[in-house]
Structure formats: structure tokens, C-alpha cells
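In case you want the letters, here they are:
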Amino acid sequence: MTQTRSRRAGPDPSGLYLPRTARVVRAENLTRQDRLIEIALPEGQALGHRPGQFVQVSLLGYGEAPISVSSGPQQTGSFELCVRRLGNVTTALHALQPGDPVGIRGPFGNGFPMDHLVGRDCLVVAGGIGLAPLRSVIHSILARRERYGRLIVLHGARREEDILFRDEIAEWQQDPRNEVLLTVDEPTPGWKGRVGVITTLFPEIEVDPANLVVVAMVGPPVMYRFVILELRGLGIKNDQMFMSLERRMKCGVGKCGHCQIDGRCVCVDGPVFSGTEIMAMHEAI
Amino acid sequence: MNAYFLPRDRVDELVGRLLRAAEVIAPKRVETGDVFYSPVSSPGEVAWDYKTAVEPLKRFLLPQQETVLRFSTGEKLRVEPVLEEKDRIFLAVRNCDVTGVNVLDAMFGGEIEDPYYMARRRRATFISLACLEADEQCFCVCGDAGPFLKNGYDQQWTPLAEGMLIEVGSDKGQALADAHQDLLSPAEPDQVAEKLQLAKRAEETFGEFRSYIAAAMRRLTLAETPDEVWERLADHCVECGGCTFLCPTCSCFTVTDRLEGDGGVRERHWDACLYNCYAREASGHNPRAEHSQRLRARFFHKLSHQWAQRNGRHACVGCGRCVVGCQAWAHMSAATEAIRRG
């Protein structure tokens, strides 16, 4: 299995570090710390991303941050980012209102191997804000539902109020070909679902390992280690798993050095790596 | 490639012509006796008898701090013009440093070109001066980067008894030779033989520092180095980052925004992978929280086959600046010895 290795550097290579001035179309809080920001590029330009790719978001005077695209490639005219408030840039991003300018570079990175999913079942494992980039995969599957097999989504959040895209999850569950299982670490009064870390969901699913691809997995590093063990228990091989890694990045184009893992740069060689690749990298997870 | 001879009494004439054609960066002695690569304005300023320069050529292609963008608080973005409109000739620079530039080229060129680096690089010509005698910290013979090179330079000059042997290594170097044919004559076989003799003698002048690069490459590539090696190096290293700033091939940078007047600038600065904050993410998660992990990452980038394959060669040129700069005992020579012993 070979993964698409894209090294696209945006539409204008001479402007490698020059952001395009985009506009905020819509912004809404999803949780107390996560905000969904819909952005339109100038003159109706399409972002042209693949699920799993990211953009470098600039707020001049604050800096730049790499953020995964949360909407599917089928959405044209605008795209969405789900931003957690953590550092200087993301805190400033949370203050943006419709009409405000925002700088965009990219899309960067390789993205998930969507062609490989065609005709197969897909298991999505999303820990916390990991659902944001994986929503792009899910939207991509839902937009052409007939091309794909079953879609199983496992999502774990700290508390019920931290679960992202709750209205959408309810919609996904309408289709009998989709299954969504949720769990929380800390149940609040009234929570009727499952309790525990994301691996507690695995005994509840039945999969055919021969026809399954795990595009999944975005979450905290500790999650990967335990989820990989569960997947092995289900008979899923390393080259059937794809996971996106998070690293500090400055340039997004393989020059600044920050996101190196062993011989690779997460920004151009990743952020999506197969289980086989992850196992060969000393400090990946 | 062609070789020429430049008689001793015509060297200053040729340097004078280079000074009229371009900015010339050459070894220049400062009051303390140290030599720095600096712009020169007359042939007499060139320190032909130097051994090594304190700093490599990196800062001329990748400045320690440079403006990437200038922005106004309005909505229009504009790019600061960074294209250097002048040609630069790097004269009498050392072969280890020229090799260092070749490593930087692999990092900043390739499929995605860094426009700022490449703008400077395209207008640069490198005339190296082969070393007849190693300095005490040198180990370029271990790094496959000197004292004499077979390629990688535009021109390589060797000081013979009667003048300079000039070997051409690129189209740029040939064009420069063609432009000054009147001062040059084709090299005679005995002049080439004299150079080979000097090269052989130069290799016998190396001192105590060496670097077992092949052995270290194999162990790093195959992940055979026990964690204790890095922990021991971490006991020595004081995380000053000096080795990275002095290294001809260390090129990591960070990017910051700074407000200025009614707008601001986006700048990039050298960064060092040995710093704790280098890989720390906004969430607080640090994939290399341990000092030993950072040392491993640095030497892995320098010497692993994974990176050598990407860059065309490993990234140590044996200039020995990390040996001079290291306040402890965690430089390349010490590290490769530790890796080799396991």
C-alpha cells in the first residue's frame, strides 16, 4: 500500500510564506474551549484540500498556527476550522467575528488515503479535538456514501459538554450504515452513555478485519499506544491503520525543522502516517 | 573540468576585478587576531594565511534574523522585498564551509524552494581556498568535506609556490575563469602534481579530534544507540545551543511577529533543537521533554542515513566549530565517539 505523498506548497510557490487574506464567514462556539470558524478565501478561490490536510492560519501581530481543515473537500466556497483555545494565536482566533480578515497558507501535508477507503469499511477513532480533522474524512464519506462500506465512529471526550458536533453526530446516526459510539471520562448528571477512555468502546464493535481500514486516529499521544493494541486484538494490521500526528510547526513546508520525527517532517511527509511508518519511527508516539 | 594557473603577482589584480564586479566576502582578520568572513573593499584585506574563520558562511544565506513579511494594520498585505540585487563572490573560503552550503542547498532547495534563501544563493559564487594545514579542532577528513574537494565548489584555489592553481567546478566557475582569461594560463601537469602533493601533506596535519562518522551513521540509522549514550551526553551538555549556531549546516528557524508603528513585521530567527521549547506545543505537550531526546534528535538529523539520503550526504563537514564552541563535552567528535562505543 502506498500513500499519496503530496508536497504541494500552495498555489503560488514564489509566495511560500505569504498568506492569502481570507475572511471569516461565520464563527460559533462548539464547547467552552472549541470554536468553529468558517472561512472564505478571496475571490471565491477554492482551498482544494484533501481530508487530513492542514492550513497555516495567520493573525498578523500574533503569529501563525497549523490547524487541520475540519470540513470536507466537497464544501466549496468556504472551509471550516475547529480551533481549541490554547496559545496566543488560537486565543486571538477565538475573538474573530464574521467579516474579519485572517491569513491562510496551504493546504499542506499529505492527508488521509481516501482512495484506499473506497469499497471498504472505515473505523474512525477520534479522541477529543481529534474529531475535528476526522470530520473532514467523515464528510467526504457521507458526500458519496455509496462508494464506501460501513462507517464506524468512536469518539471519546472528557465530559459530555466537550463532545464536538453533537447535532451532526445525531444526523450521522440516522443512516443505518453508520455507527457512532460515544464515551466520556467524567460523567455528569444525566449522561446515559458509556463512561471510560476510548478503548472501552472496542468490545462493543464487530468488524471484519479483512475489509477494514482504520483511517483514524487523531488524539492525544497516549491514546495511540492503547488504541493500536486494541486494533491488533481485532486482527487489524499496521498498514491498515492511518493516524495523524501533531507537532509544533512554523513553516509548514519542511524548512524550519520543528516538526521533524526521525527522518521525516510531519508537515510535508505527514501529518498522516500508516501504522507501519509509525512503528519504524523512534519518537513518533 | 578545467584547471588554470594564476601567477602570484596577478592575484591582487584578479581580486581587484572581482571587487569591481560584485560584493566580495573573504576572510578578514579583526583586532583580536580572529578571522571572520566579512565584506572586503581592497585585495590587501584578504587574510590568505588564515586557518579557519570563527563563523561559517550560513549567516550570509540565512541571516540570524530576517524580515519575511511587512504588514500594515489595514487589510493589505505586502511582502518585504528580500531579493538581494547584488552578486556576491565568496573568496578564499574554506572547503568545509562550501560543503556546508551544499548541505543547506539540499534543505532550502529541492521540490519546495525557500524563496529567501534561494534568492541569495543564486547570486552567490564560491571560490574556495584549499587548506594546506589543518587547525587544531579540524576533522574535515572524517566529514568528507576537505581539506581538498573534488567537486561542490565553483572554483577551488590551491596556493602553489609560484601562484594559484584554479580548478573549475561549475558553469559559474567557468564563466568567471573565461572572463579573466588574460590573467590565467592553462594549468601545467607539474602544477597539478604539486597540488596533489600538497593535498597529501595536508591530510597528515590533522590533530587529536576525529569523528567516527560511518560507525555513528550505522548505529543511528539502525536505532542501535542505547538511551544511556544520550543520557550521558545530556549530563555534559548545558543546552546553550552554541553548537547549532556555529554549525555550517544547522538551519532550524522560528518565526515571530512583531508590532511596529501602525503595522508590523514577521521575522524569522535561528532556533536550536537543543532548547526545551523547540518542540513544545501550545497544549504544553512536549514530544522531546527530555534533554537526552533532544540530543538524539540533533545527532540523528546530522548523521542518520534517513537524512543523508534526503540531503545527498550527512550533515557534518568536520569544521570543528562545535568543538571550539562547546562549553562541555557534547560536540560532534565527543558524540560520535560515544555513539561508536555505545
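Here the structure is a predicted model, which is why all the values come from computation and not from measurement. (Residues numbered from 1 in each chain as written. Chains lettered and ligands numbered in written order. Predicted model: local features only at pLDDT ≥ 70, side-chain atom pairs only at ≥ 80, totals over all residues. Heavy atoms only, no water.)

Some remarks on the overall build of chain B
Next up, step 1: Each helix and strand in chain B was counted, giving 14 helices and 12 strands.
Next up, step 2: In summary, chain B has a C-alpha radius of gyration of 21 Å against a globular reference of 20 Å for 342 residues, a match within 12%.
Next up, step 3: Oriented by its inertia axes, the alpha-carbon framework of chain B measures out at about 65 × 60 × 40 Å.
Next up, step 4: Out of the 342 residues in chain B, the part that is buried amounts to 57%.
Next up, step 5: Partitioning the contacts of chain B with sequence separation of at least 6, the portion at a separation of at least 24 is 72%. (Helix = DSSP H or I, 4+ residues; strand = E, 2+ residues; numbered from the N terminus. Rg over C-alpha atoms; globule rule 2.2 N^0.38 Å. Buried < 20%, exposed > 50% of the residue type's maximum accessible area, 1.4 Å probe, protein only. Contact = heavy atoms within 4.5 Å.)

Notes on the pairing of strand β8 (residues 155-159) of chain B
All names here are of chain B.
Next up, step 1: Counting buried residues along β8, 4 of its 5 residues qualify, which places the element largely inside the surrounding structure.
Next up, step 2: Strand direction decides the pairing type here: strand β7 (residues 124-129) and β8, joined by 3 bridges, are parallel. The residue bridging Ser128 from the neighbouring strand is Gln156, located in β8.
Next up, step 3: Two strands pair when backbone bridges link them, and β8 and strand β9 (residues 163-168) are joined in this way by 5 bridges, in the antiparallel orientation. (Pairing = 2+ DSSP bridges.)

With respect to the sheet that holds β8(B)
All names here are of chain B.
Next up, step 1: Reading across from one edge, β3-β2-β6-β7-β8-β9-β1-β10 is the order of the 8 strands in this open sheet, with mixed pairing throughout. The sheet is open, and its two edges are formed by β3 (35-40) and β10 (185-186), each paired on a single side.
Next up, step 2: Where strand β2 (residues 23-29) lies against β3, 6 bridges are found, and the strand directions are antiparallel. Each residue of the ladder has a partner; that of Arg29, found in β3, is Val35.
Next up, step 3: Lying over the sheet, helix α7 (residues 189-203) contacts β1 (3-7), β8, β9 and β10, oriented at roughly 80 degrees with respect to β8. (Axes fitted to C-alpha atoms, helices over the stretch in contact; angles between N-to-C directions.)

Examining the interface of chain A and chain B
Next up, step 1: Counting residues at the interface gives 40 residues for chain A and 42 residues for chain B.
Next up, step 2: Taken together, both faces of the contact between chain A and chain B bury some 3500 Å²; the carbon and sulfur share is 55%.
Next up, step 3: The largest share of the area that chain A buries against chain B comes from Tyr17(A), Leu60(A) and Lys255(A), three residues that together contribute 20% of it.
Next up, step 4: The interface formed by chain A and chain B contains 4 salt bridges.
Next up, step 5: Close ionic contact of Arg296(B) with Asp262(A) constitutes a salt bridge, the shortest N to O distance being 3.2 Å.
Next up, step 6: Elements supplying a minimum of two residues to the side of chain A that touches chain B: β1 (20-29), β3 (54-59), β4 (63-68), β14 (264-265) and α6 (266-269) of chain A.
Next up, step 7: Across the side of chain A that touches chain B, the residue classes tally to 16 nonpolar, 12 polar and 12 charged. (Buried area = accessible area lost by both parts, 1.4 Å probe. Salt bridge = Lys/Arg side-chain N within 4 Å of Asp/Glu carboxyl O. Nonpolar A, V, L, I, M, F, W, Y, C, P; charged D, E, K, R; others polar.)

A closer look at the pattern of salt bridges
Pairing between side chains of opposite charge can happen when their charged atoms approach one another.
Residues and elements named next belong to chain A.
Next up, step 1: Under the defined criterion, the tally for this structure stands at 43 salt bridges over all chains.
Next up, step 2: Ionic pairing is found between Glu168 and Arg135, a salt bridge with its closest N-O pair at 2.7 Å. In this pair, Glu168 sits in helix α4 (residues 166-172) while Arg135 sits in helix α3 (residues 131-143), placing the two residues 33 residues apart along the sequence. In terms of burial, Glu168 and Arg135 fall into one category: buried.
Next up, step 3: Salt-bridge contacts for Glu186 lead to Arg159; the nearest nitrogen and oxygen are separated by 2.7 Å. Placement of Glu186 in the loop between β9 (178-184) and β10 (194-195) and of Arg159 in the loop between β8 (151-157) and α4 is noted, with a sequence separation of 27 residues between them.
Next up, step 4: Judged by relative accessible area, Glu186 falls into the partly exposed class, the value being 37%.
Next up, step 5: If you follow the salt bridges from partner to partner, you end up with Arg26, Glu28, Glu38, Glu80, Arg135 and Glu168 in one network.

Concerning the domain arrangement of chain A
All names here are of chain A.
Next up, step 1: You can read the domains of chain A as domain 1 (20-108) and domain 2 (114-279).
Next up, step 2: A straight line from the C-alpha centre of domain 1 to that of domain 2 covers 21 Å.
Next up, step 3: Listed per partner, the contact involves 25 residues of domain 1 and 24 residues of domain 2.
Next up, step 4: For the pair domain 1 and domain 2, the summed buried area comes to about 1900 Å², and 54% of that belongs to carbon and sulfur atoms.
Next up, step 5: Put simply, domain 1 and domain 2 have 3 salt bridges between them. (Domains from an automatic or database assignment.)

Overview of the domain arrangement of chain B
Residues and elements named next belong to chain B.
Next up, step 1: What the domain assignment reports for chain B is domain 1 (3-203) and domain 2 (213-341).
Next up, step 2: Taken residue by residue, the interface counts 39 residues in domain 1 and 39 residues in domain 2.
Next up, step 3: Of the roughly 3200 Å² buried where domain 1 meets domain 2, counting both sides, 59% is carbon and sulfur surface.
Next up, step 4: Looking only at domain 1, the three residues that lose the most surface to domain 2 are Lys58, Phe71 and Phe139, adding up to 20% of its buried area.
Next up, step 5: Where domain 1 touches domain 2, the interface holds 4 salt bridges.
Next up, step 6: Each residue belonging to the side of domain 1 that touches domain 2 can be placed in one class, and the counts come to 22 nonpolar, 9 polar and 8 charged.

Quick look at the packing of helix α11 (residues 291-303) of chain B against helix α14 (residues 332-341) of chain B
Residue and element names in this part refer to chain B.
Next up, step 1: Running from amino to carboxyl end, α11 crosses α14 at an angle of 95 degrees, the nearest separation of the two axes being 12 Å. In terms of their interaxial angle, α11 and α14 are classed as roughly perpendicular. In this structure, α11 contributes Phe299, Lys302 and Leu303 to the contact, and α14 contributes Met332, Ala335 and Thr336.
Next up, step 2: Partitioning the contact of α11 with α14 into residue classes produces 4 nonpolar, 1 polar and 1 charged. (Parallel < 35°, antiparallel > 145°, perpendicular 65-115°, else oblique.)

Examining a negative patch on the surface
Next up, step 1: A surface patch of like charges, here negative, comprises Asp227(B), Glu228(B), Glu231(B), Asp235(B) and Glu290(B).
Next up, step 2: In this structure, Glu228(B) sits in helix α9 (residues 227-236). (Patch = residues over 30% accessible without salt bridge, like charges linked within 9 Å, V, L, I, M, F, W, Y side chains within 5 Å. Areas by Shrake-Rupley, 256 points an atom, 1.4 Å probe, with all protein chains shown as cover. Lys, Arg positive; Asp, Glu negative; His and termini not counted. Charge placed at Lys NZ, Arg CZ, Asp CG, Glu CD.)

A short note on the packing of aromatic side chains
The geometry of an aromatic ring pair is captured by the separation of the ring centres together with the interplanar angle, meaning the angle of the planes.
Residues and elements named next belong to chain B.
Next up, step 1: Going through the model one piece at a time under the given rule, you end up with 12 aromatic pairs over all chains.
Next up, step 2: With a centroid separation of 4.7 Å and an interplanar angle of 15 degrees, the aromatic rings of Phe90 and Phe126 are classed as stacked. On the criterion of sequence distance, the pair formed by Phe90 in strand β6 (residues 88-93) and Phe126 in strand β7 is long-range, its members being 36 residues apart.
Next up, step 3: When its relative accessible area of 2% is taken as the criterion, Phe126 is described as buried.
Next up, step 4: Following the ring pairs from residue to residue traces out a cluster consisting of Phe60, Phe90 and Phe126.
Next up, step 5: One cation-aromatic arrangement involves Arg268 over Phe253; the distance from NZ or CZ to the ring centre is 4.6 Å. (Phe/Tyr/Trp six-rings, centres within 6.5 Å; stacked < 30°, edge-to-face > 60°. Lys NZ or Arg CZ within 6 Å of the ring centre and 35° of its normal.)

Brief notes about the packing of helix α3 (residues 95-108) of chain B against helix α4 (residues 115-122) of chain B
All names here are of chain B.
Next up, step 1: Where α3 contacts α4, the two axes come as close as 10 Å, and the packing angle between them is 140 degrees. The orientation of α3 relative to α4 falls into the category oblique. The two elements α3 and α4 meet at a crossing, and its hand is left-handed. Residue-level inspection shows Val101, Asn102, Leu104, Asp105 and Phe108 of α3 in contact with α4, the latter providing Tyr117, Met118 and Arg121. (Left-handed = near helix turned anticlockwise from the far one by under 90°.)

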